[in-house]
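Coordinates in review
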Amino acid sequence: MADEVVLLDFWPSMFGMRVRIALAEKGIKYQYKEEDLRHKSELLLKMNPVHKQIPLLIHNGKPVCESLIIVQYIDEVWNHKSPLLPSDPYQRAHARFWADFVDRKVYGVGRKLWATKGEEQEAAKKEFLEIYKTLESELGEKPYFGGETFGFVDLSFVTFYSWFYVYENFGKFSMEAEFPQIVAWVKRCMQKESIANTLPDQKKIYEFVLELKKIFGLE
Amino acid sequence: MAEEVVLFGTWGSPFSRRVELALKLKGVEYKYIEEDLTNKSPLLLKYNPIHKKIPVLVHNGKPIVESQVILEYIDETWQGYPLLPKDPYERAIARFWAKFIDDKCLPVIFKALWGDEKEHEKAVEEASELLMFIEEELKEKRFFGGESIGMVDIIANIIAFWQGIFEEASGVELLTKEKFPKLINWSHEFVSNSVVKECLPPRDKLIAHLRKRFGSHNASK
C-alpha cells in the first residue's frame, strides 16, 4: 500500500522548514498544503485541535504535531537512509538538549528583535547576541553541530537562516561580523540540496515581516 | 567496568522525582545527591553550565540534563521496563503530551495558583481548558501509557501529586473530581503504585515549604 503523506505548513515558518528538509533528506514524496494562518483550514483544526498550529504531518490519515516530534517520527519510520539523529543514546540526548535550546531561546528572541522598538528592542538585541554566542561556542571547530555530519541540532537551527536578514536589519548588526563561525556553518549546510531547495529567500522573508508589521500595527 | 549513575536533584522537585521514578522502574542502581538551590554545588554548575538546574543525571561521568531528555536517555540505555511505546506513531503521541504538559500546562497552572490577582480569573479558566485536553486524552485507559505507567504518566507526576498540594498551599481550586473525574482517578492509581510511592516527597513538609515560598492566594485577600 502506498504511503500517504501530507504536510500542512506556512512557507515562512522555520518550524515547517525543518519538516520539509527532513522529508527531502529521506526522499519522501508528500503533498504540501499551504495554510492561511488567519483562516485556518477545517483539516488543520480537526487534526491539531490542541494547538491549531503548523507544521502538521498527516501520515496515512494520522496526525503528528510539533516540528521536532515530527522530525523524530520521520527518522524512526523512514529509517532506511539519511539518519537525522545519532544512534548513540548519549549523543541523542546531547542533540535533543540543543534542539530544545534552539526551540526555547532562538525563536522568541528573534521575534522580539523585529516586533519591538526602543528599550525593549535593545534588550532583545543583547539577549539575541548572547544566545547566538552560546550556540557558536557549542559549534566550536566542528563542521556541524552534529560533528562530522549534518544532524538533528543542525536541522533545528539552520532554518533560521532565512530570517537572518530580518534580524540583521532590525537589530542593526551583521551576522557575519558577530558570528563568523555560524555563518560559515550555514554556508556549509546550504551546499546540501535538501536545504538550499527548501529555505525561502531572505529578502522574501523580510518583505513578509514588513507586511506582518503593517497588519499588526507594529511599525 | 562498574557503572556509575549519579542523580543531582532536590527532594521537593517533581522534575528530579521523575528521573528517580524512571531509574527505579528500570531497576537501575544510582547515587542521589541533594542540591541546595540557594547554594548550587560546583559539580552542578560544571555539569549543567547552560541552565544551572536540576535534575542532572551523570552516567559514567557524562551529564544529561532536562528531565524529558533524561527520561528518553534512560529508556534507550537500559532495557527492561519500557518507558515509551515501540511504535513510532505512539511514541510521537507520547512525546506530544509530555511536551504539552511541561511547555503549555505548567506555566499556566502556576499562573493560576500564584500569579497576579488581576489575571487570576483568566488564568484559572485557561488552566481548566488545558487540563481538560489531558482529561480527554486519558479516555478509558488506566494510565496514559495504557496498562502500565509510561513516560507521559511520569511527566504528569506533577498533576498526580504536586497539583493537589499546590492547590492546598495556595488556596486555589482547579483539579476537582466533578470536572476531572478521569484525572482524579488516574492520580489515585498513580500515587498508589508501589514504585511511585518511593518517589514522592512527604506531603506536609512540601505544603509548608510552598506556603513559605509562594504565599497563599487566600492570605493575600
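Predicted model only: the values in this text are computed from it and were never measured. (Residues numbered from 1 in each chain as written. Chains lettered and ligands numbered in written order. Predicted model: local features only at pLDDT ≥ 70, side-chain atom pairs only at ≥ 80, totals over all residues. Heavy atoms only, no water.)

**Overview of the sheet that holds strand 4 (residues 62-65) of chain A**
Residue and element names in this part refer to chain A. To keep things clear, this is the line we draw: At least two bridges found by DSSP between two strands are what make those strands a pair. Secondary structure is summarised from DSSP: a helix means a run of H or I of at least four residues, a strand means a run of E of at least two, and numbering begins at the N terminus for each. Only C-alpha atoms enter the line fits that serve as axes; for helices the fit covers just the stretch in contact. Angles between N-to-C directions range over 0 to 180 degrees. By definition, residues are in contact when any of their heavy atoms lie within 4.5 Å.
In spatial order, the strands read 2-1-3-4; together these four strands make up an open sheet with mixed pairing. The open sheet has two free edges, formed respectively by strand 2 (31-34) and strand 4, since each of these has just one partner strand. Neighbour to neighbour, the strand axes of the sheet diverge by 20° on average, direction disregarded. The pairing of strand 3 (residues 56-59) with strand 4 spans four bridges and is classified as antiparallel. Counted as the bridge partner of isoleucine 58 is proline 63 from strand 4. Set on the sheet, helix 1 (residues 14-26) makes contact with strand 1 (5-9), strand 2 and strand 3; between it and strand 1 the angle comes to about 155°.

**Quick look at a positive patch on the surface**
Note the threshold: Patch definition: residues with relative accessible area over 30% and no salt bridge; like charges joined within 9 Å; nonpolar side chains (Val, Leu, Ile, Met, Phe, Trp, Tyr) joined within 5 Å. Areas reported here follow the Shrake-Rupley algorithm with a probe of radius 1.4 Å; residue values treat only the protein chains shown as occluding. A side-chain nitrogen of Lys or Arg and a carboxyl oxygen of Asp or Glu constitute a salt bridge if their distance falls within 4 Å. The charge count includes Lys and Arg as positive and Asp and Glu as negative, but it does not include His or the ends of the chains. The atoms used to mark charge sites are NZ of Lys, CZ of Arg, CG of Asp and CD of Glu. Burial classification: accessible surface area is computed with a 1.4 Å probe over protein chains only, and a residue below 20% of its type maximum counts as buried, one above 50% as exposed, and the rest as partly exposed.
On the surface, Lys105(A), Lys40(B), Lys52(B) and Lys53(B) cluster together into a positively charged patch. Mapped onto the elements of the fold, Lys53(B) is located in the loop between helix 2 (42-47) and strand 3 (56-59). The class of Lys53(B) is exposed, set by a relative accessible area of 51%.

**With respect to the state of the cysteines**
Cysteine pairs can be covalently joined through their sulfur atoms, and such a bond is termed a disulfide. The line we're drawing: Any two cysteine sulfur atoms lying within 2.5 Å of each other are counted as a disulfide.
In total, this model carries zero disulfides over all chains according to the counting rule given. Note on Cys105(B): no disulfide assigned, nearest cysteine sulfur contributed by Cys65(A) at a separation of 15 Å. Given a relative accessible area of 1%, Cys105(B) falls into the buried group.

**Description of the environment of Phe214(B)**
Residue and element names in this part refer to chain B. Topologically, phenylalanine 214 is positioned in helix 10 (residues 203-214). C-alpha separation for the pair phenylalanine 214 and leucine 113, spaced 101 residues apart in sequence, amounts to 9.3 Å. Excluding anything up to four places from it in sequence, phenylalanine 214 contacts Phe110 and Trp114.

**What to know about the domain arrangement of chain B**
All names here are of chain B. Rules: Domain segmentation is taken from an automatic or database assignment of domains. Accessible area that two parts lose when put together, evaluated with a 1.4 Å probe and summed over both, is termed the buried area. Within 3.5 Å is the distance limit for a polar contact, defined as a pair of N or O atoms, with the added protein rule that one can donate a hydrogen and the other accept it, and that residues adjacent in sequence qualify only through two side-chain atoms.
When cut into domains, chain B gives domain 1 (5-77) and domain 2 (88-220). When each unit is reduced to the centre of its C-alpha atoms, the spacing between domain 1 and domain 2 is 21 Å. When domain 1 packs against domain 2, the two sides together hide about 1,800 Å² of surface, and 68% of this comes from carbon and sulfur. Taken as a group, Trp11, Arg18 and Leu21 account for 35% of the area that domain 1 buries against domain 2, more than any other trio of residues on that side. The partner of glutamate 72 in a salt bridge is arginine 95, with the nearest N and O atoms 2.8 Å apart. Counting the contacts that link domain 1 with domain 2 gives eight residue pairs in polar contact (both at pLDDT 80 or more). Those elements that place two or more of their residues in the side of domain 1 that touches domain 2 are helix 1 (14-26) and helix 3 (67-77). Take the side of domain 1 that touches domain 2: its biggest share by element is nine residues, from helix 1.

**Quick look at the side chain of Asp100(A)**
For Asp100(A), the position within the fold is in helix 4 (residues 89-115). Residue Asp100(A) is classed as buried on the basis of its relative accessible area, which comes to 15%. Once residues within four sequence positions are removed from consideration, Asp100(A) is found in contact with Leu68(A) and Glu66(B).

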